[in-house]
Every structure is written in C-alpha cells, then in structure tokens.
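Spelled out, the chains give:
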Amino acid sequence: MAWLRVLPLLLLLRPGEGGRSTISLLKHHFPVSRIRGAFAGSRIPASMRRNLGMRKRTSSGQAGARVAAVVCGAAEECGAVGKRIVLASQSPRRRELLGALGFEFDVRAKDVDESFSPDMPPDQVAQYLAKKKAKASLPSMDPTEVVVAADTVVVLDDLIMNKPESREEAIAMISSLSGRSHRVITGVCIANPDGQEVSFDDEATVTFRELRQDEIEYYVDVHKPFDKAGSYGIQDWIGMAAVTRLEGSYYTVMGLPTARVYATLCDEFGFCCTAPAAEASDFQAPPAFS
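Residue numbers here run from 1 along each chain, matching the order of that chain's written sequence. Reporting of local features is limited, given that this is a predicted model, to residues whose pLDDT is at least 70; pairs of side-chain atoms are given and counted only at 80 or more, and all residues count toward the totals for whole chains, interfaces and linings. Computation of side-chain values: all heavy atoms of the structure, hydrogens and water removed.

A. How the structure looks around the overall build of the chain. Broken down by element type, the chain carries 11 helices and eight strands. Considering the chain as a whole, with its 290 residues, one finds that 46% of them fall into the buried category. Put simply, 67% of the contacts in the chain that link residues at least 6 apart link residues at least 24 apart. All accessible areas in this document rest on Shrake-Rupley with a 1.4 Å probe, and a residue is counted as covered only by the protein chains that are shown. For the chain, the accessible surface area stands at approximately 14,500 Å², while carbon and sulfur atoms represent 51% of it. Secondary structure follows DSSP: runs of H or I at least 4 residues long count as helices, runs of E at least 2 residues long count as strands, and numbering of each begins at the N terminus. Burial classes follow relative accessibility: with a 1.4 Å probe on protein chains only, a residue under 20% of its type's maximum area counts as buried, one over 50% as exposed, and anything between as partly exposed. In this analysis, two residues are considered to be in contact whenever any of their non-hydrogen atoms come within 4.5 Å of each other.

Dropping the structure here:
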C-alpha cells in the first residue's frame, strides 16, 4: 500500500505542524519526485495525484488509437497546449521509443510508395523517405497536430539493404554483414499542416563478428526479421550475440534517434517533458557496446 511506503516520510515530519494537508507537509519537506515514487503503482485519490503532478497512464491501442508509455504533455510554457503528436509509422520499435520519451501520440500510418531514384546517394534515402511519409499524412491532419515520420536504411559498401522478401534473402543479407561493419541511417521528418518542417538524419556504424551458418539460420528461423531493413534488429538476439562494436546511437539503429527527436519536438514544436508532469518509464535501457 502507498501509505506503508510513505510512512517513513511521515515519521520524519516534525511535530506541531498541523493545519496543513498531509501532501502539503510532505511537499514542504521532501522532493516531489521522492513522494511520487512512494505512491507509484498505487491507487490514490485523484486530488492527491493532481497535487503531486501525477497523471494516469493511458493504455496502448491499435493504429489510430492513443498511445502513451509514460505521460508527458505539451508544456504550456512552450506554447504547445492543445497540440498533439501523430506517429506516421506502424513500427513497434518506433512506437515503443516515442512512448518511452514520454509523449502521448496517435498512430496513423499511410501507405506510401517507398521507391527512390537509383541515382540517389544512399546517405539521402532515409531522409527522403521520411519526408514522403510525413507529407502523405499532412493533408488529413488537424491544424493542431504534428507528424513524426521516420525511415531506416542499412548500407553496406554503398548499397542499400532493404527488407528481405524471403528466408533465403534474409540469410544472404546477414551473411554479407557477418564479420564486417555497416552503416545504419535513420531519417526523420517532423512537420505540421501550417508548413513548419524539420528534417534530419542520424547515422551509426555497427560491426558484426563472424557468424556461423547455423547461427544465421537460427536467427532468421526463430526471430523472422522480414520486417526489418538489413534483415536484423539490434534489439533482437543477434544484437546481443553478434554485435561487437557500435559507433553512434543504439536508438538510431533501432529506428528512431531519440535524442534528436526529443530536442526537435521540444525546441521547435513546444512539446517538452517537465518533471512535475512526467512519471518514470518502464522502458529498459539497452546494453552498452564498447
């Protein structure tokens, strides 16, 4: 129960401080973050929750539904009250990462032609496709909404490795990555119907150890990476068993450069997470690579 966890805090209060609510006394003596931590996961009156700056979490839903891994509203001081984020992606990884940043958002992905000119430099493809996805969403969006779109490409020897279309192609892709370093580029486009747009890309270099044929086949058959560029996900078994070096952001390889996305949403569009409004996230940090 919450009060059992808060009891040590209450026992530290000095006598003779009646006349104020318990929460007021607690806030007078202890950091709000510590008090919120004591109440985390417990049912407490709504008035007390508001007093502590805590807000109820919203459950995740299907495409088009509200998604919130943790609560972090648009900050009033940033001028984003009443605005909402739309994630133009069905990727479970991007949904997880954007939610772990603390944002509430809707998932609305449009069918987009992801072809590009064969003459386009590989370094430009991810951002180009992210812009296409964002622009496809803008016509149906409310003026108060902001779209976040992204695309990730795996580049080996200046050749882009797309999603595999068969088991054989997946095995061939991972075999070509075995024992070598490759680049992963994630492009992002954040825009609103008023014409404001910020686009960027982020790059990481990933090195695989030499993999045996049976290891490659095991990964493809068990984890079925057919929805992933380059035929692998760094958050999967292969990320722990095969990746020996990572230069750049783990989250860029996973599909969303979270630091730059957060900074852009906060600095350019006014969506900022402030301590009183946010709760601790259940998202676990990835293992570190050296």
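B. Layout of the confidence of the model for the chain. On a range of 0 to 100, pLDDT expresses the predictor's confidence in each residue. Mean pLDDT over the chain stands at 79; residues scoring 70 or higher make up 66%. For residues 73–79, every residue scores under 50 in pLDDT, and the model assigns this stretch 14 contacts once sequence neighbours within four places are set aside.

C. Highlighting the environment of Glu 168. Among the structural elements, Glu 168 can be located in helix H7 (residues 167–177). The sequence separation of Glu 168 and Val 220 amounts to 52 residues, and the corresponding C-alpha distance is 9.3 Å.

D. Highlighting helix H5 (residues 92–100). Among the residues making up H5, those that are buried are Arg 93, Arg 94, Arg 95, Leu 97, Leu 98 and Gly 99. In this structure Ser 91 caps H5, since a side-chain oxygen of it lies 3.3 Å from the backbone nitrogen of Arg 93. Once H5 finishes, Gly 102 follows within two positions and takes phi at roughly 110°, a positive value. Between N or O atoms, a polar contact is any pair within 3.5 Å; within protein, one atom must be a potential hydrogen donor and the other a potential acceptor, and residues adjacent in sequence are included only when both atoms are from side chains.

E. Geometry of the state of the cysteines. Cysteine sulfur atoms that come within 2.5 Å of each other are treated as a disulfide pair. For the structure shown, the criterion picks out one disulfide. A sulfur-sulfur distance of 1.9 Å marks the disulfide that ties Cys 266 to Cys 272. Judged by the sign of its S-S torsion, about 95°, the cystine formed by Cys 266 and Cys 272 is right-handed. Given the relative accessible area of 16%, Cys 266 is considered buried.

F. Fine view of the layout of surface pockets. In this structure, the largest pocket encloses a volume near 710 Å³. Lining the largest pocket are 36 residues, and of these Arg 94, Lys 133, Asp 151, Lys 163 and Asp 227 lie nearest its centre. For the lining of the largest pocket, the secondary structure elements donating two or more residues are H5, helix H6 (122–137), strand E4 (145–156), strand E5 (159–161) and helix H10 (250–254). Among the elements that line the lining of the largest pocket, the one with the most residues is E4, at five residues. Both site types are read off a 1 Å grid over the protein atoms alone. A 1.4 Å probe that fits but cannot get out defines a cavity, while an open set with protein on both sides within 12 Å along at least five of seven lines defines a pocket; lining residues have an atom within 4 Å of a point. Grid points are joined across faces, edges and corners, and a volume is the space filled by probe spheres set on the points.

G. Highlighting unusual backbone geometry. Its identity as a non-glycine residue notwithstanding, Asp 158 has a phi of 65°, on the positive side. Structurally, Asp 158 is set in the loop between E4 and E5. The backbone phi angle of Lys 224 is positive, close to 45°, even though this residue is not glycine. On the secondary structure map, Lys 224 appears in the loop between helix H8 (213–223) and helix H9 (237–241).

H. Up close: the packing of H7 against H8. Interhelical geometry of H7 versus H8 gives an angle of 130° and a closest axis separation of 10 Å. Between H7 and H8, the interaxial angle falls into the category oblique. Here H7 runs over H8; the crossing is right-handed. In this structure, H7 contributes Arg 167, Ala 170, Ile 171, Ile 174 and Ser 175 to the contact, and H8 contributes Gln 213, Ile 216, Glu 217, Tyr 219, Val 220 and Asp 221. Angles run from 0 to 180 degrees between N-to-C directions of axes, and those axes are lines fitted to C-alpha atoms, restricted for helices to the stretch in contact. Any angle from 65 to 115 degrees is called roughly perpendicular, while one under 35 is roughly parallel, one over 145 is roughly antiparallel, and all others are oblique. By definition, any crossing whose near helix is turned counterclockwise from its far helix by less than a right angle is left-handed, and any crossing with a clockwise turn is right-handed.

I. Fine view of the environment of Arg 245. Inspection of the secondary structure assignment puts Arg 245 in strand E8 (residues 243–247). The class for Arg 245 is partly exposed, based on a relative accessible area of 41%. Through-space distance from the C-alpha of Arg 245 to that of Thr 207 is 5.1 Å; in sequence the pair is 38 residues apart. Reaching out from Arg 245, the side chain makes a polar contact with the side chain of Glu 247 at a distance of 3.4 Å.

J. Layout of the nonpolar core. Buried Ala, Val, Leu, Ile, Met, Phe, Trp, Tyr and Cys residues that are joined via side-chain atoms within 4.5 Å together make up what is termed a nonpolar core. Residues Leu 98, Phe 208, Tyr 232 and Leu 265 are the most contacted members of the largest nonpolar core, which totals 44 residues. When neighbours within four sequence positions are excluded, Tyr 232 is seen to be in contact with Leu 177, His 182, Val 184, Val 206, Phe 208, Tyr 219, Pro 225, Ile 238 and Val 253. Judged by nonpolar contacts, the second largest core, of nine residues, contains Ala 130, Ala 134, Ala 149 and Cys 189.

K. View of the pattern of salt bridges. A carboxyl oxygen of Asp or Glu within 4 Å of a side-chain nitrogen of Lys or Arg is what we treat as a salt bridge. Overall, the coordinates contain 18 salt bridges when judged by the stated rule. Close ionic contact of Asp 106 with Arg 84 constitutes a salt bridge, the shortest N to O distance being 3.4 Å. Here the residue Asp 106 occupies a position in strand E3 (residues 105–107), and Arg 84 occupies one in strand E2 (residues 84–87), the gap between them amounting to 22 residues. Arg 260 serves as the salt-bridge partner of Asp 202, at 3.7 Å between the closest nitrogen and oxygen. Within this pair, whereas Asp 202 is found in strand E7 (residues 197–208), its partner Arg 260 is found in helix H11 (residues 258–267), the two being separated by 58 residues in sequence.

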